[in-house]
Amino acid sequence: MSTRLAYEIDFAKELNEQQYKVVKEAEGPCLVLAGPGSGKTKVLIYRLCYLLECGIPPSSMLLLTFTNKAAKEMTERVKKILGFYPEGLWAGTFHHIGNLILRIYGKNVGILPNFTILDEEDSLQLIKEVSQKFSEFDEFPPPAKLKEIISFSVNKCEELKDIININFPEYSRFIPYIETVYSEYQKKKKSLNTVDYDDLLFYWLKLTKSQDIGIKLSSRFRYILVDEYHDTNKLQGLIIYQMAKVHRNILVVGDDAQSIYSFRGATIDNILEFPKIYPDVKIFYLTTNYRSTPEILNLTNNIISHNRMQFPKKLVSIRKTGIKPKEKAHRTGLLFSAGLIAGEAIMGVISAFLIIGHINLGILKEAPSWPGMLIWGYIAFLLGYIVLREFRKAIEK
């Protein structure tokens, strides 16, 4: 059944030219590259309203975002514009939608509809139980680290052993045991009819790949709209592609110049590879910034221009001129400088103790000459510099 709005929205008045173009023309696979402060969420919401005005049933639309806060903001803005919430609309985070879908179709992948979702504490407790027999090994990963490794593997859609070798090489010697922990963890959850948050997505993807249910799910949603696409991971990207395989009306909005959740498996590749997956993609740009002054955007544009993996775009401000940004010493930089000096001093003291120790042990018969001391000092400096350089890299990440 179609649902038309009781009144017409003046989209041309509410949107700028770039936003209006997306709202009116985003049929088929569409990628919206939106800079910060350009109204990317606004575009999705008004696209939704436009589709409702065209008579598209709310129940055939899927609106996805990354965080609970963003999902709440989106649904509240829809209600504010329309004056009501469209009954039947599927909107929320990936995990929320995954939960709803598993309640309906989960039995097809061995999940009973009355399953319980494990919170962080419960999940850690289960992992602790199944990994207890390996705790006698020195440096075996604790439950929290095991959960991180497992979650990384699931969300990046990569083998556990590959994830460990590349991202957690310090645990490579424990790969067979960690694989056993994962297997036992999965069995334990199934016996208790429970799932963790990663399972909500893992089994959703599994459902989309099944012949009957996959087609049913994809046919159900005629339009799929995704916000904050730059924060999605490989697993979420695959889910979206599978869900859109029937109607192919998929609209994703994101910024290829920002992605802050890589530690959770988020990847900018979902944006960069979108045109490869959909060769007939329509690419839109939102470059009008409503938040920052021209001076700040000029600096931003200059910084972003050095990024080799991006869709080139230039942000333009509508605000009046402001204060030009000035370079200031960052607290982290000051800490690093102080740390470098301290590190050199510490390494110097260590080298002195080593020399004294070697003399006492009879390894050295006497204290080194001044040239020898300079060599020891230089080695200490290099060691301190290398350690602190890696420390700085970690901070900058």
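Worth saying up front: this structure is predicted, and the values here are computed from it rather than measured.

Basis of the calculations
- Residues numbered from 1 in each chain as written.
- Predicted model: local features only at pLDDT ≥ 70, side-chain atom pairs only at ≥ 80, totals over all residues.
- Heavy atoms only, no water.
- Salt bridge = Lys/Arg side-chain N within 4 Å of Asp/Glu carboxyl O.
- Helix = DSSP H or I, 4+ residues; strand = E, 2+ residues; numbered from the N terminus.
- Buried < 20%, exposed > 50% of the residue type's maximum accessible area, 1.4 Å probe, protein only.
- Core = buried A, V, L, I, M, F, W, Y, C linked by side-chain atoms within 4.5 Å.
- Contact = heavy atoms within 4.5 Å.
- Axes fitted to C-alpha atoms, helices over the stretch in contact; angles between N-to-C directions.
- Parallel < 35°, antiparallel > 145°, perpendicular 65-115°, else oblique.
- Left-handed = near helix turned anticlockwise from the far one by under 90°.
- Nonpolar A, V, L, I, M, F, W, Y, C, P; charged D, E, K, R; others polar.
- 1 Å grid on protein atoms, 1.4 Å probe; cavity = no way out; pocket = protein on both sides within 12 Å on 5 of 7 lines; lining within 4 Å.
- Points joined across faces, edges and corners; volume = space filled by probe spheres on them.

Enquirer: Where do I start with the pattern of salt bridges in this structure?
Expert: Think of it this way: side chains of opposite charge can pair up when their charged atoms draw near. By the definition in use, this model includes eleven salt bridges. In this structure, Arg173 engages Glu139 in a salt bridge whose closest nitrogen and oxygen atoms are separated by 2.8 Å. Highlighted residues: Arg173 in the loop between α8 (160-167) and α9 (175-191) and Glu139 in the loop between α6 (120-131) and α7 (143-156), separated in sequence by 34 residues. Assessed through its relative accessible area of 48%, Arg173 is described here as partly exposed. A salt bridge links Glu184 to Lys187; the shortest N-O distance between them is 4.0 Å. Here the residue Glu184 and the residue Lys187 both occupy positions in helix α9, the gap between them amounting to three residues, near one helical turn. Relative accessible area serves as the criterion here: at 29%, Glu184 is assigned to the partly exposed category. Given a relative accessible area of 52%, Lys187 falls into the exposed group. The network of salt bridges with common partners includes Lys189, Asp196 and Asp199.

Enquirer: In this structure, what is going on with the nonpolar core? I would like to understand it.
Expert: When a protein is soluble and globular, its nonpolar side chains tend to lie buried together. In this structure, Ile101, Ile178, Trp204, Met243 and Phe274 are the most contacted members of the largest nonpolar core, which totals 61 residues. Looking at this core element by element, the count peaks at six residues for helix α10 (residues 197-209). Leave out the neighbours within four places in its chain, and Ile101 touches Trp90, Gly106, Trp204, Leu207, Leu217 and Met243. Judged by nonpolar contacts, the second largest core, of 32 residues, contains Leu51, Leu251, Phe284 and Leu286.

Enquirer: Please clarify how the packing of α6 against α9 should be interpreted in this entry.
Expert: When two helices pack together, their arrangement is given by the angle between the helix axes and by the axis-to-axis distance. The N-to-C vectors of α6 and α9 enclose an angle of 125 degrees; their axes lie 9 Å apart at closest approach. Between α6 and α9, the angle is such that the two are oblique. As α6 runs across α9, the sense of the crossing is right-handed. Note on element contacts: α9 touches α6 through Val181, Glu184, Tyr185, Lys188 and Lys189, opposite Ser123, Leu126, Ile127, Glu129, Val130 and Ser131. A per-class count over the contact of α6 with α9 returns five nonpolar, two polar and four charged.

Enquirer: Explain empty space enclosed by the protein here, please?
Expert: The rolling of a water-molecule-sized probe over the atoms marks out the regions of remaining empty space. For the coordinates displayed, the defined rule picks out two cavities of 30 Å³ or more. Here the largest cavity is characterised by a volume of approximately 60 Å³. Around the largest cavity, the lining comprises 13 residues; the ones closest to its centre are Ile150, Tyr185, Lys189, Asp196 and Asp198. Those elements that place two or more of their residues in the lining of the largest cavity are α6, α7, α9 and α10. By residue class, the composition of the lining of the largest cavity is five nonpolar, three polar and five charged.

From the geometry alone we can't say anything about function, so treat these as descriptive.
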